[in-house]
Amino acid sequence: MGEHPELQFESKPALRQPHLVVAWAGWNDAGESASTAARYLAATMSGEPFASIDPEEFYDFTEARPLARYRRGEREIVWPSTDFYAVRLPSRDHDLILAVGIEPNFRWKRYMDAFHALIRTMDVHLVVTLGAVAAGVPHTQPVGVSGSANRPDLADRFQMRPSRYEGPTGIVGVFHDSCRRRSVGGVSLWAAVPHYLPGIANPIGARALLERLAEISGLSIDYERLRREEHRFDERVGAAMEESDELRGYVRQLEESVQEAPAAAPPAELPSAEGLIEDLEEYLRRTRGDDP
C-alpha cells in the first residue's frame with residue numbers, strides 16, 4: 001500500500017526503530033495535559049517537523065478554527081493540522097516521532113488510514129498515546145497515571161493490563177483499536193486530573209505523563225521550564241482557594257474521599273461544584289496574563 005493522499009511529507013528523516021508518541025487536544029485531553037506534554041517534548045527536544053495530515057477532510061473549521069498569527073512582519077493563517085516531529089536519540093537504540101493534533105470532527109476511519117500510512121512509511125515499532133481524564137481527585141495530591149497495552153508482551157514488559165473500559169470513546173480508543181487490527185503494538189497512558197479544573201492547562205498532569213513516558217521510551221527530559229509553569233499554576237490555584245471558603249471545603253472533602261476510595265468519582269454528598277468551578281476558572285483566567 002502506498003502513502004495516503006492526506007498525508008503530506010516535507011522530508012523523510014532516517015530514524016531507527018522509532019517510537020510514535022501521539023497526543024490529541026479535545027475530548028481525550030482534560031486540562032490540556034496530553035497536548036501540553038507532547039508540545040513540550042517537541043520544543044525541548046528539538047523536534048524536527050517533517051510531515052502533517054491535511055485538515056481539509058477532517059475538521060469543522062467553525063469548531064476547530066484556524067488561527068491568525070503575525071510573524072516576521074506578515075500575517076499568516078495556521079490551520080488545525082496534525083503535525084509530526086522527528087527526534088533523534090543518540091543514546092538509545094531507537095528514535096522518536098511526536099504527533100500532535102486535534103481530535104477530528106469527520107471521517108475518523110480515513111484519518112486512521114493516514115496515520116497508519118505514516119506508521120508503515122516510517123517503520124514505527126511502538127505507539128504510545130497520551131491522554132488525560134477529568135477525575136474526582138484534588139489538585140493537592142500527585143497526579144496518577146494509568147496505562148494499558150494492546151498486546152500481552154507489552155503488558156508484561158510495562159506491567160500493564162489490557163483496557164477493560166466499555167462506553168463512549170474518543171480518537172485515542174479508535175486509534176488503539178485500529179493499531180490492534182493492524183498488529184501494531186500500542187500503549188495508552190492516562191493522567192487523572194482534577195475535574196474542577198477542566199478548562200485550565202494543567203502542567204502537573206503533563207509532567208506526570210512525561211515521567212511515565214520516559215520510563216517506557218528511555219527518554220531523558222529536562223523539566224525545568226515545565227516546573228516553572230507548575231509553580232505559577234500552584235500559585236494561581238492557591239490564591240483562588242484563599243478567596244473562597246466553599247472551594248477550600250470542596251477540595252478538602254475530595255481529599256478525604258480519595259483517601260477512603262482512591263480514584264473514585266466525587267461522592268454524591270459533596271456539594272455541587274458547578275458554581276465553584278466557574279468562580280475558580282474565572283479567577284485563573286484573570287491572572288493568566290501574569291505568564292511571560
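Each chain has its residues counted from 1, following the order in which its sequence is written. Reporting of local features is limited, given that this is a predicted model, to residues whose pLDDT is at least 70; pairs of side-chain atoms are given and counted only at 80 or more, and all residues count toward the totals for whole chains, interfaces and linings. Each side-chain value is derived from all of the structure's non-hydrogen atoms; neither hydrogens nor water enter the calculation.

Chemist: How would you explain the overall build of the protein chain if you had to name every residue and give the values?
Modeler: Along the backbone of the protein chain there are eight helices and 10 strands. By residue count, 49% of the 292 residues in the protein chain fall in the buried class. A contact between two residues is defined here by any heavy atoms of the two lying within 4.5 Å. Considering only contacts within the protein chain whose residues lie at least 6 apart along the sequence, 80% involve residues at least 24 apart. Residue-level accessible areas treat just the shown protein chains as cover; the underlying method is Shrake-Rupley with a 1.4 Å probe. If you sum the accessible surface of the protein chain, you get close to 15200 Å²; carbon and sulfur atoms cover 46% of it. Numbered from the N terminus, helices here are DSSP runs of H or I no shorter than four residues, and strands are runs of E no shorter than two. Summary of the burial criterion: residues with accessible area below 20% of their type's maximum are buried, those above 50% are exposed, and those between are partly exposed, where the area comes from a 1.4 Å probe applied to protein chains only.

Chemist: Now, about the environment of Thr140: what can you tell me, with residues and values included?
Modeler: Inspection of the secondary structure puts Thr140 in the loop between strand E8 (126-135) and strand E9 (144-149). Taking relative accessible area as the criterion, Thr140 reaches 45% and is therefore assigned partly exposed. Residues Thr140 and Gly238, 98 residues apart in the sequence, show an inter-C-alpha distance of 9.7 Å. Filtering out sequence-adjacent residues up to four positions away, Thr140 remains in contact with Val251 and Glu255. Whenever a nitrogen or oxygen atom comes within 3.5 Å of another N or O atom, the pair is scored as a polar contact, on the condition that within protein one atom can donate a hydrogen and the other can accept it, and that pairs from neighbouring residues in sequence are kept only if both atoms are in side chains. Here Glu255 takes part through its side chain, which lies 2.5 Å from a polar atom of the side chain of Thr140.

Chemist: I'd like to hear about unusual backbone geometry, residue by residue, with values.
Modeler: One non-glycine residue, Gln17, adopts positive backbone phi at about 40 degrees. Structurally, Gln17 can be placed in the loop between strand E1 (7-9) and strand E2 (19-25). On the basis of relative accessibility, which here comes to 43%, the residue Gln17 falls in the partly exposed class. The phi torsion at Asp123 lies on the positive side, around 55 degrees, for a residue other than glycine.

Chemist: Give me the packing of aromatic side chains: which residues, what numbers.
Modeler: Stacked, edge-to-face and tilted labels apply to pairs of Phe, Tyr and Trp rings (six-membered ring for Trp) whose centres lie within 6.5 Å, assigned for plane angles under 30 degrees, over 60, and everything in between, in that order. Evaluated as defined, the whole model comprises nine aromatic pairs. On the basis of an interplanar angle of 70 degrees and a centroid distance of 5.3 Å, the ring pair of Phe58 and Tyr111 is categorised as edge-to-face. Residue Phe58 is found in the loop between strand E3 (48-53) and strand E4 (67-71), and its partner Tyr111 is found in helix H2 (residues 108-121); the two are separated by 53 residues along the sequence. Under the relative-accessibility criterion, Phe58 is labelled buried at 0%. Put simply, the rings of Trp24, Phe58, Phe84, Tyr111, Phe115 and Phe175 touch in pairs and so form one group of aromatic residues. Across the ring face of Phe9, the terminal group of Lys12 is positioned such that the distance to the ring centre comes to 5.0 Å. Charge-over-ring contacts are defined here by two conditions on Lys NZ or Arg CZ: a distance within 6 Å of the ring centre and an angle within 35 degrees of the ring normal.

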